[in-house]
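Architecture and fold: a report
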Amino acid sequence: MYTHNVLSGNSLASHDVWAQSVKSQRRHRQKDPTLEMELNQGKMDQEPGRPTWNRQIEFTLAGIGCAVGLGNIWRFPYLCYRSGGGAFLVPYLLMLLVMGIPLLYMELILGQYMRRGPVHALAKACPLLKGVGLATVAISFIMCTYYNIIITWGLYYLFSSFQSPLPWQSCNNTWNTPNCTDHINPNTSSHSSTASQQFFNYRMLERTGGVEESGVLRWELFLLLLLAWILLYFCIFKGVKSTGKVVYFTALFPYVILLALLINNVQLPGAMEGIRFFIIPNWEKLLELEVWVNAAAQIFNSIGIGFGSLMAMSSYNNFNNNILKDTLVISITNSLTSILAGFVIFSAFGYMSHLQDIPVSELAVDGPGLVFVVYPQAFATMPVAPLWAILFFFMLLCLGLDSQFAMVEVMVTSLMDGFGGPLMKFLRHKEMLVLAVCSTAFLLGIPHVMQVGIYVFQLMDHYTAIVSLMFLAFFEVLAICGLYGVRRLSANLKEMTGNRPNIFFRVCWMFVAPLLITIILVFTIIQFKPARYEDYVYPPWAQGIGWVIAMASIIWIPLGALHTLWVLPGSFTERLVKSITPYALENERGGDTYPNIAVISSLGRETEKPHIQTNL
């Protein structure tokens, strides 16, 4: 650094004082970890070739499509039903306020600031827990291999709806058994099953007696699975540019169908009884801890926190985008959709209870069966039944594709962030990478379209969506809110938007959300039950495979931590300290993670000269 040997005149003296002041401020900033993090934005913000959404509304719609999925149509009404109807809405809305919105805000801030998918964003923010990013990609990829099976079933029902009467309307079919009945009433044998149940089990699935019997390939389902992946590929093969166009339809059209179904259902006899069950709380249920844990878990699963999907999507935002607006729109729209779907489903429950002359609380309802057994059974007796069935299953297709977009995009974004150069040299075009990801997931999904498929599906869903996700969520919040820190996160937001998060979000990030997720994780472990499908209990070897599936995502967390501690230099204590320091890995690799001081952050409102000029 150069210094002046001779200073003469008041102007030079003033300049010297000013220069020393700037140097002092700069040294102070570089010692402050929060301000040091803000200086990193220079390089990330100027990343060449990073695509962005054509319009910000496209990200908002894609986020809504990602959050609003099949879980809003079956899991939310099912949990409401099991938790005493309206009583579930109280903890559900409270958990949305104190956990759902703050944690979604957290993910979007990190994704937009880092301009990377979950793998690299978390590796930069907290090197010790960089494995959380890898785990989110692993769980998203595992889920997309079997989530598309639900879309496949929806396509099967959609094509089967183009006939009258509907094929699940009566027991006069070749696949029906002697114990088939058109509907269940209190006097019906417990060994009987409805025409709708038998269509699902014996016509579409042709299921075997258990996971020990693999059966043969269901060619109809195989071709529909291929069709589902072809549809998905052509919706996302151009990245955010093509996805942004598709979501205008897939995110908005389901609401048209939901409103049409609601208008039709409320006119059916008995519908108001179902709606009363939905909105009038059974206050005694609020004393049960399980209801509160289920409400928190539903918010968590529905919005998609821990999957990395929305973090990956937000990395394509403009750097100064108003993230709070997107957070509120996505999370509130998601919950309002669940409530709207609740009115649609419970009005149908009321109609079914009227037909069967039993209370709403005694209907047989479970998870996927709600969509593919119970609701189709209600369609069968509605006026113009095929029309409503076609609309409903087309809506399921739109909802499923939206969520699938996001899960595949996590994998593609992470591969491009980490291996973009080598991959493009080999594949030439990003479209080929998307094709490779979709083809791999399609091949891994083939076991689900065999006759044993429903058992494989249930096993994977149980150990992925229930076991793995809770561990992932816990470590993600620990990495971002705990080790990266609320202070840094707040500084990142101020650099992007000019405003820090208010006290409500900071309190939720520091105390409320970590506490709630810890409670959910502990409760999940204590209450854990082995996978089962209806009355079938999986053998020990199948449960073992389930744990292998669960570990396929969880294992990356400890592996990532060990790798970080291995590559960092120094004693164990020094490595441990560096491992919880943002950007430590990049600094050790000699990357110019910290841009030149001339690229000043929003905290330095004064305009400074370039580095060399200032030093001179």
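The rules behind each value
Residues numbered from 1 in each chain as written. Predicted model: local features only at pLDDT ≥ 70, side-chain atom pairs only at ≥ 80, totals over all residues. Heavy atoms only, no water. Helix = DSSP H or I, 4+ residues; strand = E, 2+ residues; numbered from the N terminus. Buried < 20%, exposed > 50% of the residue type's maximum accessible area, 1.4 Å probe, protein only. UniProt positions renumbered as here; feature names shortened; annotations may be inferred. Contact = heavy atoms within 4.5 Å. Disulfide = S-S within 2.5 Å. Salt bridge = Lys/Arg side-chain N within 4 Å of Asp/Glu carboxyl O.

Within the protein, the secondary structure is distributed over 27 helices and four strands. Looking at the protein residue by residue over its 616 residues, the buried ones come to 58%.

All right, on to the UniProt feature "binding site: Na(+)" (unreviewed entry) in the protein then. Following the UniProt record, one finds the feature "binding site: Na(+)" (unreviewed entry) at Gly 65, Ala 67, Val 68, Asn 72, Ser 302, Asn 334, Leu 399, Asp 402 and Ser 403. Across 339 residues of sequence, these annotated residues stay compact in space, with a maximum C-alpha separation of 12.9 Å. Within the fold, Ala 67 resides in helix 4 (residues 56-67). Not counting residues up to four positions away in its chain, the partners in contact with Ala 67 are Asn 72, Ser 302, Ile 303, Ile 330 and Asn 334. Structurally, Asp 402 can be placed in helix 19 (residues 385-427). If sequence neighbours within four positions are ignored, Asp 402 has contacts with Gly 65, Cys 66, Val 247, Thr 250 and Ala 251.

Turning to the state of the cysteines, a few remarks are in order. Tallying each qualifying case throughout the model produces one disulfide. The disulfide partner of Cys 171 is Cys 180, and the S-S distance across this bridge is 2.0 Å. Measuring the twist about the S-S bond at about -75°, one finds the Cys 171-Cys 180 disulfide to be left-handed. Relative accessible area serves as the criterion here: at 21%, Cys 171 is assigned to the partly exposed category. Judged by relative accessible area, which is 14%, Cys 180 ranks as buried. In this structure Cys 398 is a free cysteine whose sulfur lies 9.4 Å from that of Cys 235, the closest cysteine sulfur available.

Relative to the helices and strands, Pro 118 is located in helix 8 (residues 118-125). Taking the C-alpha atoms as reference, Pro 118 lies 5.6 Å from Gly 308; in sequence the two are 190 residues apart. Excluding residues that lie within four positions of it along the chain, Pro 118 makes contacts with Gly 133, Thr 136, Val 137, Gly 308, Met 311, Ala 312, Val 410 and Ser 414.

Take the pattern of salt bridges next. Tallied over the full model, the rule gives six salt bridges. Residues Arg 276 and Glu 273 are paired through a salt bridge, measuring 2.6 Å at the closest nitrogen-oxygen approach. With Arg 276 and Glu 273 both in helix 14 (residues 271-279) and three residues apart, this pair spans about one turn of that helix. According to the relative accessible area criterion, Arg 276 is partly exposed, its value standing at 39%. Here Glu 273 falls in the partly exposed class, since its relative accessible area comes to 45%. Between Glu 288 and Lys 285 there is a salt bridge, with its nearest N and O atoms 3.9 Å apart. For Glu 288, a relative accessible area of 35% puts it in the partly exposed group. Residue classification places Lys 285 among the partly exposed positions, given a relative accessible area of 22%. Linked through salt bridges whose partners overlap, the residues forming this network are Arg 203, Glu 206, Arg 218 and Glu 220.

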